[in-house]
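Read off the chains here:
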Amino acid sequence: DGGITQSPKYLFRKEGQNVTLSCEQNLNHDAMYWYRQDPGQGLRLIYYSQIVNDFQKGDIAEGYSVSREKKESFPLTVTSAQKNPTAFYLCASSIEGTVYEQYFGPGTRLTVT
Amino acid sequence: GEDVEQSLFLSVREGDSSVINCTYTDSSSTYLYWYKQEPGAGLQLLTYIFSNMDMKQDQRLTVLLNKKDKHLSLRIADTQTGDSAIYFCAAPSSNTGKLIFGQGTTLQVKP
């Protein structure tokens, strides 16, 4: 079965620690995305990548970093510089480009205390 | 800049029809999408419509597109409690080259 996996489902960290969220896809999609969702809010784009070894900042990139060393993987690091890291993080992918339909993973809920 | 707007909340009785509305600004949008998000889950692609169509029906779902008014709607017939979720519309932006999501409409279905 093809799809997008995110792990873990729930993640707890202490303030001041960096944490890396995993996103893997086996859909052979070129483009991958990271979104943040806060309660009652829509989606806000953090970073996206259209091709391996290349990525662009989205609307709220400050305090986050990404890498795209493999087509299948697009991990997101939430650094200690992110002031309000507690949120629901969603990873998505699309076949090519960034205007086509996106397919989403199940999400990771990060809680920082 | 390009924008996609939705009302935030809709409440209906089980068995009634639900209509969720969306407006977009980019007139060059090709495909327009509807997603469903159940509590604590990711977004699921529900349906889509191509911009040269006025209507698309898929079982209980009907998508209507008014290109002149840049208005998209999703009608759910015989709404069930399992339809309770957040519904997002999405439209591509020719300006930014990205898919733009609306804020999401929370559908509450009362028994």
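Residues numbered from 1 in each chain as written. Chains lettered and ligands numbered in written order. Predicted model: local features only at pLDDT ≥ 70, side-chain atom pairs only at ≥ 80, totals over all residues. Heavy atoms only, no water.

Colleague: How should the overall build of chain B be read in this particular structure?
Modeller: Scanning chain B from N- to C-terminus turns up 0 helices and 11 strands. Secondary structure elements of chain B occur, N-terminal to C-terminal, as β-β-β-β-β-β-β-β-β-β-β. Taken against the 2.2 N^0.38 rule, which gives 13 Å for 111 residues, the C-alpha radius of gyration of chain B at 13 Å falls within 12% of a compact globule. Taking the principal axes of its C-alpha atoms as reference, chain B extends roughly 45 × 30 × 20 Å. Within chain B, buried positions represent 42% of all 111 residues. Put simply, of all contacts in chain B between residues at least 6 apart along the chain, 54% involve residues at least 24 apart. (Helix = DSSP H or I, 4+ residues; strand = E, 2+ residues; numbered from the N terminus. Rg over C-alpha atoms; globule rule 2.2 N^0.38 Å. Buried < 20%, exposed > 50% of the residue type's maximum accessible area, 1.4 Å probe, protein only. Contact = heavy atoms within 4.5 Å.)

Colleague: It is not clear to me how the sheet that holds strand 1 (residues 4-7) of chain A should be interpreted in this structure. Could you clarify?
Modeller: Across a sheet, strands are paired by hydrogen bonds formed along the backbone, either parallel or antiparallel in direction. Residues and elements named next belong to chain A. Overall, antiparallel pairing links the 4 strands, which are arranged 1-3-8-7 in an open sheet. The strands lining the two open edges of the sheet, one partner per strand, are strand 1 and strand 7 (64-66). Across the sheet, the axes of successive neighbouring strands diverge by a mean angle of 20°, strand direction being ignored. Note: strand 7 against strand 8 (residues 76-78), 3 bridges, orientation antiparallel. Note that in strand 8 the partner of Y64 across the bridge is V78. (Pairing = 2+ DSSP bridges. Axes fitted to C-alpha atoms, helices over the stretch in contact; angles between N-to-C directions.)

Colleague: In this structure, what is going on with the pairing of strand 6 (residues 55-58) of chain B? I would like to understand it.
Modeller: The side chains of a regular strand alternate between the sheet's two faces. When strand 6 of chain B meets strand 7 (residues 61-66) of chain B, the two strands line up antiparallel, connected through 4 bridges. Residue pairing in the sheet places B:D58 in a bridge with B:L61 of strand 7 of chain B.

Colleague: It is not clear to me how unusual backbone geometry should be interpreted in this structure. Could you clarify?
Modeller: Glycine aside, a negative phi is what most residues show, and trans is what most peptide bonds show. All names here are of chain A. Residue P8 follows S7 across a cis peptide bond; omega there is -10°. Considering the arrangement of structural elements, one finds P8 in the loop between strand 1 and strand 2 (10-13). Positioned with a positive phi, N28 is a non-glycine residue whose angle comes to about 60°. When you line up the elements, N28 lands in the loop between strand 3 (19-25) and strand 4 (31-37). Under the relative-accessibility criterion, N28 is labelled exposed at 56%.

Colleague: Where do I start with the layout of surface pockets in this structure?
Modeller: In this approach, a probe sized like a water molecule rolls over the atoms, and the result shows the empty space that is left. Size it by volume and the largest pocket reaches roughly 340 Å³. For the largest pocket, the lining is made up of 20 residues, of which A:Q37, A:P39, A:G40, B:Q37 and B:I86 are closest to its centre. The set of elements that each furnish at least two residues to the lining of the largest pocket consists of strand 9 (85-93) and strand 11 (105-110) of chain B. Looking at the lining of the largest pocket element by element, the count peaks at 3 residues for strand 9 of chain B. A per-class count over the lining of the largest pocket returns 8 nonpolar, 9 polar and 3 charged. (1 Å grid on protein atoms, 1.4 Å probe; cavity = no way out; pocket = protein on both sides within 12 Å on 5 of 7 lines; lining within 4 Å. Points joined across faces, edges and corners; volume = space filled by probe spheres on them. Nonpolar A, V, L, I, M, F, W, Y, C, P; charged D, E, K, R; others polar.)

Colleague: Teacher, can you tell me more about the sheet that holds strand 6 of chain B here?
Modeller: Residues and elements named next belong to chain B. Spatially, 1-3-8-7-6 is the arrangement adopted by the 5 strands of the open sheet, whose pairing is antiparallel. At either margin of the open sheet sits one strand with a lone partner, and together these are strand 1 (4-6) and strand 6. Ignoring strand direction, the axes of neighbouring strands in this sheet form an average angle of 15°.

Function cannot be read off these values alone, since they describe shape.
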